[in-house]
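Structural characterization, general
In case you want the letters, here they are:
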Amino acid sequence: MENRLTRSGRLFKMIIKGYNITLKRLVHEDIEMVRQWRNSQAVSRFMEIREEITPLQQEEWFKKIDTIHNNYFLIIENHTPVGLIYGAEIDWEKGITGNGGIFLAQEQYFNSDIPIRATFLIIDTGVLLGLKTQYVKVLNDNYRAKFFNKKLGYKLLQGEEKNYNQKYYLEANHYLASAKALKKAMNFSESELIEIVIDNPDHPVSKNIISTCQKKVNQEVNRLKLIFI
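As the structure is a computational prediction, the values presented were derived from the model and not from experiment. Residue numbers run consecutively from 1 along every chain, following the written order of its sequence. Local features in a predicted model are, by the rule used here, given only for residues with pLDDT of at least 70; side-chain atom pairs are given and counted only at 80 or more, and totals for whole chains, interfaces and linings are based on all residues. Heavy atoms from the whole structure form the basis of all side-chain values; hydrogens and water molecules are not counted.

**What about the side chain of Glu160?**
Threshold: By definition, any uninterrupted DSSP run of H or I lasting at least four residues is a helix, any uninterrupted run of E lasting at least two residues is a strand, and each is numbered from the N terminus. Burial status follows relative accessibility: with a 1.4 Å probe on protein chains alone, a residue under 20% of its type maximum counts as buried, one over 50% as exposed, and anything between as partly exposed. Positive: Lys, Arg. Negative: Asp, Glu. His and the chain ends are not part of the count. By convention in these notes, a salt bridge is any Lys or Arg side-chain nitrogen within 4 Å of a carboxyl oxygen on Asp or Glu. Any two residues having at least one pair of non-hydrogen atoms within 4.5 Å are treated as being in contact.
Locating Glu160 in the fold gives a position in the loop between strand 7 (155-156) and strand 8 (165-171). One buried charged side chain, Glu160, makes no salt bridge at all; its nearest oppositely charged neighbour is Lys137, positioned 6.8 Å away. Leaving out residues up to four positions away in the same chain, Glu160 has contacts with Asn165, Gln166 and Lys167.

Written out as C-alpha cells, the structure is:
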C-alpha cells in the first residue's frame, strides 16, 4: 500500500485533461465501483470472461495493475465517473502498449462521443510520451467496437481472422493520420493541449512521466503540460 500514498498520507492522484474530458488514474478507493460496473450485464456481455468478479479477485487484480506499466483511468464527464479506459502491459523502452480497452458504465453513454474523446486523450498522451504501437482485443461480434477501432487506424493482426477474441494493432503514424479527420469533424485541434496534473512528483508513476518528458526531443511534447499541485 505504501507506494500508493503521498508523503502526507493522501491517495496518489494523477489527472489528465483534454478534449473536454478528464481521466483520473484509478486508485484503490475506486475499485469496488469499477467491479460493480464490470459485473453488470451492460458491460460483461462485451467481455470474453463473463463470470462474476468477487471483491477478493478485484483486490488481487488491482495489486497487479497498480504499476508504471499499466495506466488505468476513470473517465470523468461533468464531474461524474462514467467508465474506464486503460493502456496495459506497457514496455516504455520499446514503446509498446501490450493491451488496451475501454468500457462505459451505462448504456446511455454508448452512443455518445465520450469514448471517442477519452480515446483521443489516452492515445495522444501515450504517443507524445513515446509509445509507438498499441494492441487491443475485441470480440468478433462487438461490431460497434470493431468499427470504432478501425476508424482510429487499428488493423487486425494476421492469423486472428477466425478467433472470437481478435487482436488488433495500431501504429502511431496510422493513428495520427486516421484521427485527423475525426478530430476535425468534432472541432478539435490536432495540437490539442493536454494537461497532466500530478500531486506527488516522487511517486513512481510521476517520476516515469517526468523523466520521459525530459528525455523527449520531439517538439510535439510541448503539447503536454505538467501541473504539480
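Here the narrative resumes, following the displayed structure.
**Some words on the sheet that holds strand 7**
Quick reminder of the rule: At least two DSSP bridges between two strands are needed for those strands to be called paired.
The strand order 7-8-6-5-4-3-2-1-9-10 describes an open sheet built from 10 strands, whose pairing is mixed. With one partner strand each, in any of the chains shown, strand 7 and strand 10 (224-228) form the two edges of the open sheet.

**Description of the pattern of salt bridges**
Oppositely charged side chains can pair when the atoms bearing their charge come close. Taken as a whole, this structure holds nine salt bridges when the rule is applied. Its salt-bridge partner being Lys63, residue Glu60 comes within 3.5 Å of it at the nearest N-O pair. In this pair, Glu60 and Lys63 both sit in helix 3 (residues 55-65), three residues apart, roughly one turn of the helix. Owing to a relative accessible area of 37%, Glu60 belongs among the partly exposed residues under this scheme. The partner of Arg223 in a salt bridge is Asp124, and the shortest N-O contact between them spans 2.8 Å. In this pair, Arg223 sits in the loop between helix 7 (204-215) and strand 10 while Asp124 sits in helix 4 (residues 114-128), placing the two residues 99 residues apart along the sequence. Among the residues examined, Arg223 registers a relative accessible area of 8% and is labelled buried. Beyond isolated ion pairs, a larger network of salt bridges with shared partners links Glu77, Asp113 and Arg117.

**Section: the pairing of strand 5 (residues 96-104)**
Rules: If the strands point away from the viewer and the path from the first strand over the helix to the second runs clockwise, then the crossover is right-handed.
In the sheet, strand 4 (residues 80-91) pairs with strand 5 via eight bridges, with the strands oriented antiparallel. In the sheet register, Leu84 faces strand 5, and the bridge partner there is Phe103. Where strand 5 meets strand 6 (residues 133-139), two bridges bridge the pair, whose relative direction is parallel. If you follow Thr97 over to strand 6, its bridge partner there is Gln134. Note that the unit made of strand 5, helix 4 and strand 6 has a crossover that is right-handed.

**Re the packing of aromatic side chains**
Stated formally: Stacked, tilted and edge-to-face pairs are distinguished by plane angle, under 30 degrees for stacked and over 60 for edge-to-face with tilted covering the rest, among Phe, Tyr and Trp rings (Trp via its six-membered ring) whose centres lie within 6.5 Å.
Across all of its chains, the model carries five aromatic pairs by this definition. Here the aromatic rings of Phe46 and Phe110 are separated by 6.0 Å at their centres, their planes lie at 70°, and the arrangement is edge-to-face. Here Phe46, found in the loop between helix 2 (41-44) and helix 3, pairs with Phe110, found in the loop between strand 5 and helix 4; they are 64 residues apart in sequence, far enough to count as distant. Classification of Phe110 by relative accessible area gives buried; the value is 14%.

**Structural notes on the pairing of strand 2 (residues 21-25)**
The element strand 2 is largely enclosed, with a buried count of four among its five residues. As judged from the four bridges shared by strand 1 (residues 14-18) and strand 2, these two strands associate in the antiparallel manner. Its bridge partner being in strand 2, Gly18 is matched across the sheet by Ile21. Remark: two residues form the turn of the hairpin made by strand 1 and strand 2, two consecutive strands paired antiparallel; Tyr19 in that turn has positive phi of roughly 55°. Summarising the sheet, strand 2 and strand 3 (residues 71-77) pair through four bridges and their orientation is antiparallel. Across the sheet, Leu23 pairs through a bridge with Ile75, a residue of strand 3.

**Focus: helix 1 (residues 31-39)**
Operational definition: By definition, the arc is the one covered by directions from the helix axis to the C-beta atoms.
Turning to helix 1, its buried residues are Ile31, Val34, Arg35, Trp37 and Arg38. Down the axis of helix 1, the smallest arc covering the buried residues is 160°, so these residues share one side. As for helix 1, its buried residues are in contact with helix 2, helix 3, strand 3, strand 4 and strand 5.

Purely geometric numbers; function is a separate question.
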